[in-house]
Amino acid sequence: MSDRRRIVVTGMGAITPLGASVDATWDAMVAGRSGVGPIRSFDPTGLSVRIAAEVVGFDAADHFDSRDARRMDRFAHLGLVAARQAVAQSGLDVAAAPLRVGVVFGSGLGGVGTLVEQAGTLAARGPGRVSPFLVPMMIPNMVAGQIAIETGATGPTSCTVTACAASATAVATAADLIRLGRVDAAIAGGSDAVIMPLCIAAFAQMKALSSRNDDPTGASRPFDLDRDGFVVGEGGGALVLEERGHALARGATVLAELAGHGSSSDAHHLTAPDPAGAGAMAAMRAALDDADLGPDDVGYLNAHGTSTQLNDRTEALAAREVLGCHVPVSSTKSMTGHLLGAAGAVEAIACIQVLRHGVIPPTINLDSPDPSFGIDVVGGQARPTSAVVALSNSFGFGGHNVTLAFRAV
């Protein structure tokens, strides 16, 4: 594997319910602070679930001129600002070789908010009042397009739509572009913004959401015996990936190495994971094989950890079978809520921060760990670590499984 192009991370960006930057998000994670609260962006009266993890205080007018702000859905606002942060930290000069920079950005649902709004306009005011920007605001690939337009990146640009694994798939896809020599650098990540009546109602009807309306901060409780569903969140996460030699040649600060990745399909059910955990195990093992690592090398697992009965049981089984009982595991979704298409990128950033800062963020609300799981879930407070390798799991409806493996530098 020594002749393979190695991939490093040189920039990170995040807009999450915990803060408007990587540092703010990380500080809140380490402190065990919840970003979940009563829904503020609309009146949720009448809904069975009235809590969410919203990005509070984010105003598109602070980041875009009025015309551009109006012509982008909120998911694009969040994703593009996260990408700006990542590029700024990396110091990457895209203009120096634009064809050698790619963009791969994912989303689970794209601009569904704009679609719902314009469907209402059609019903109330007729077809002549539908916005001509509906389609470019709605389609999930528009964040990737907007990032390319703003940065001038003219290399391969694409969008991954693998539900809640979308941004992890984006990172893996970007890594493959670099390995194949198609590009030297890529901006990868994802975003989603679906906190609106229709989506909350739809997830609630699936019985996927926590209904702890009277205890918002205690609602997301991955791996807890009393978990009752996930909490919908919103946000954007982005990473700049580079071929290691390219990054070192320009004097970039390397944050971590993306040592490997693995993907699989459950081929089992529309929304439920394979109860035997075969797909999750396959993705984790493929990531370790790709990185030329063994289970004993892993010092931390950032779990998909949604706080649903099925996911947590299946993931615990997979983690125990692949890594054993002693690798520390935590779910940052206990604080961020489930960021859907942004989850994989934000949780990849959390893994990198664990390796850089030597501390594992806790799984909050772990009051009664499910005794059947047999894994070391970090609960209560952050835990010091000397981990050199961290894995990040992302699973999505449709049976999509992705595991990313990061190594300290």
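Residues numbered from 1 in each chain as written. Predicted model: local features only at pLDDT ≥ 70, side-chain atom pairs only at ≥ 80, totals over all residues. Heavy atoms only, no water.

A. Representation of the overall build of the protein chain. Looking only at helices and strands, the protein chain has 13 helices and 15 strands in total. In terms of C-alpha radius of gyration, the protein chain reaches 20 Å, essentially the compact-globule figure of 22 Å for 409 residues. The C-alpha extent of the protein chain, read off along each of the three principal axes, is 60 × 55 × 40 Å. Considering the protein chain as a whole, with its 409 residues, one finds that 59% of them fall into the buried category. About 15,200 Å² of surface is accessible on the protein chain, with carbon and sulfur atoms providing 54% of the total. (Helix = DSSP H or I, 4+ residues; strand = E, 2+ residues; numbered from the N terminus. Rg over C-alpha atoms; globule rule 2.2 N^0.38 Å. Buried < 20%, exposed > 50% of the residue type's maximum accessible area, 1.4 Å probe, protein only. Areas by Shrake-Rupley, 256 points an atom, 1.4 Å probe, with all protein chains shown as cover.)

B. Structural detail: the packing of aromatic side chains. Per the stated rule, a full pass over the model turns up 2 aromatic pairs. Relative to Phe230, the ring of Phe203 lies with its centre 5.4 Å away and its plane at 75°, an arrangement referred to as edge-to-face. One end of the pair, Phe203, is in helix H8 (residues 197-205); the other, Phe230, is in the loop between H8 and strand S7 (235-243), with 27 residues separating them in the sequence. For Phe203, a relative accessible area of 11% corresponds to the buried category. Their ring planes at 90° and their centres at 6.0 Å tell us that Phe223 and Phe373 sit as a pair that is edge-to-face. (Phe/Tyr/Trp six-rings, centres within 6.5 Å; stacked < 30°, edge-to-face > 60°.)

C. Main features of the pairing of strand S1 (residues 7-15). A large share of S1 lies buried, amounting to 9 of its 9 residues. Two elements, S1 and strand S8 (residues 256-265), share 3 bridges in a ladder whose sense is antiparallel. Pairing of Val9 across the sheet is with Ala256, part of S8. (Pairing = 2+ DSSP bridges.)

D. Focus on the sheet that holds S1. Reading across the sheet, the 11 strands line up as S5-S4-S6-S7-S1-S8-S15-S14-S9-S10-S12 and stay open at both edges, with mixed pairing between neighbours. Two strands in the sheet have a free side with no partner beyond their single neighbour: strand S5 (157-160) and strand S12 (376-377). The pairing of S1 with S7 spans 8 bridges and is classified as antiparallel. Looking at S7, one finds that Val8 is bridged to Glu242. Against the sheet, helix H3 (residues 74-90) makes contact with S1, strand S4 (101-106), strand S6 (185-192) and S7, and its axis sits at roughly 135° relative to S1, the strand it touches most. (Contact = heavy atoms within 4.5 Å. Axes fitted to C-alpha atoms, helices over the stretch in contact; angles between N-to-C directions.)

E. Quick look at a negative patch on the surface. Where like charges cluster on the molecular surface, the negative patch consists of Asp289, Asp292, Asp296 and Asp297. Mapped onto the fold, Asp292 is located in the loop between helix H10 (278-290) and strand S9 (300-302). What makes Asp292 exposed here is its relative accessible area of 58%. (Patch = residues over 30% accessible without salt bridge, like charges linked within 9 Å, V, L, I, M, F, W, Y side chains within 5 Å. Salt bridge = Lys/Arg side-chain N within 4 Å of Asp/Glu carboxyl O. Lys, Arg positive; Asp, Glu negative; His and termini not counted. Charge placed at Lys NZ, Arg CZ, Asp CG, Glu CD.)

F. Seen up close, the nonpolar core. Val9, Leu239, Leu241, Leu258, Ile352, Leu404 and Phe406 are the most contacted members of the largest nonpolar core, which has 50 residues in total. The biggest single contributor to this core is helix H13 (residues 343-357), with 10 residues. With residues near it in sequence (within four places) discarded, Leu241 still touches Ile7, Val8, Val9, Val171, Ala174, Ala175, Ile178, Asp184, Ala185, Ala186 and Leu258. (Core = buried A, V, L, I, M, F, W, Y, C linked by side-chain atoms within 4.5 Å.)

G. Examining the packing of helix H1 (residues 22-31) against H13 more closely. Close contact between H1 and H13 brings their axes to 11 Å; oriented N to C, the two are set at 75°. One finds that H1 runs roughly perpendicular with respect to H13. Each of Val22, Asp23, Trp26 and Met29 in H1 lies in contact with H13, whose residues at this interface are Val346, Ile349, Ala350, Gln353, Val354 and His357. Class assignment of the residues belonging to the contact of H1 with H13 gives a composition of 7 nonpolar, 2 polar and 1 charged. (Parallel < 35°, antiparallel > 145°, perpendicular 65-115°, else oblique. Nonpolar A, V, L, I, M, F, W, Y, C, P; charged D, E, K, R; others polar.)

H. Examining the side chain of Thr169 more closely. Along the polypeptide, Thr169 turns up in helix H7 (residues 166-179). Given a relative accessible area of 16%, Thr169 falls into the buried group. When sequence neighbours within four positions are dropped, the list of residues in contact with Thr169 reads Thr160, Thr162 and Val402.

I. Geometry of the side chain of Ser307. Relative to the elements of secondary structure, Ser307 occurs in the loop between S9 and helix H11 (309-323). For Ser307, the side chain forms a polar contact with the main-chain nitrogen of Arg221, separated by 3.0 Å. In contact with Ser307, other than residues within four places in its own chain, are Ala219, Ser220, Arg221, Pro222, Arg227, Asp228, Gly229, Phe230 and Asp312. (Polar contact = N/O pair within 3.5 Å; in protein donor to acceptor, adjacent residues only side chain to side chain.)

J. View of H8. For H8, the set of buried residues is Cys199, Ile200, Phe203 and Ala204. Each buried residue of H8 sits inside an arc of 130° when the element is viewed along its axis, so together they form one side. Away from its buried face, by an angle of more than 90 degrees, H8 presents the exposed residues Leu198 and Gln205. Residues of H8 that are buried in the fold lie against helix H4 (112-125). (Arc of directions from axis to C-beta.)

K. The arrangement of the state of the cysteines in detail. The tally for this structure, following the rule as stated, stands at 0 disulfides. Cysteine Cys351 shares no disulfide, and the gap to the nearest cysteine sulfur, in Cys164, comes to 17 Å. (Disulfide = S-S within 2.5 Å.)

L. Fine view of empty space enclosed by the protein. This structure, assessed with the given rule, holds 1 cavity of 30 Å³ or more. When its volume is computed, the largest cavity comes out at roughly 50 Å³. For the largest cavity, the full set of lining residues is Ala14, Val22, Thr25, Trp26, Met29, Val346, Ile349, Ala350 and Gln353. Of all the secondary-structure elements, those providing two or more residues to the lining of the largest cavity are H1 and H13. For the lining of the largest cavity, a count of residues per class yields 7 nonpolar, 2 polar and no charged. (1 Å grid on protein atoms, 1.4 Å probe; cavity = no way out; pocket = protein on both sides within 12 Å on 5 of 7 lines; lining within 4 Å. Points joined across faces, edges and corners; volume = space filled by probe spheres on them.)

M. A look at H1. Along H1, the positions that sit buried rather than exposed are Val22, Thr25, Trp26, Ala28 and Met29. On an axial view of H1, the arc spanned by its buried residues comes to 165°, and they lie on one face. Away from the buried face of H1 by more than 90 degrees, exposed residues Asp23 and Ala31 are located. Lining the buried residues of H1 we find S1, H3, helix H12 (333-336), H13 and strand S11 (359-360). Backbone nitrogen of Ala24 and a side-chain oxygen of the N-cap are separated by 3.1 Å at the start of H1; the cap is Ser21. Remark: Gly32 follows H1 within two positions and exhibits a positive phi of approximately 70°.

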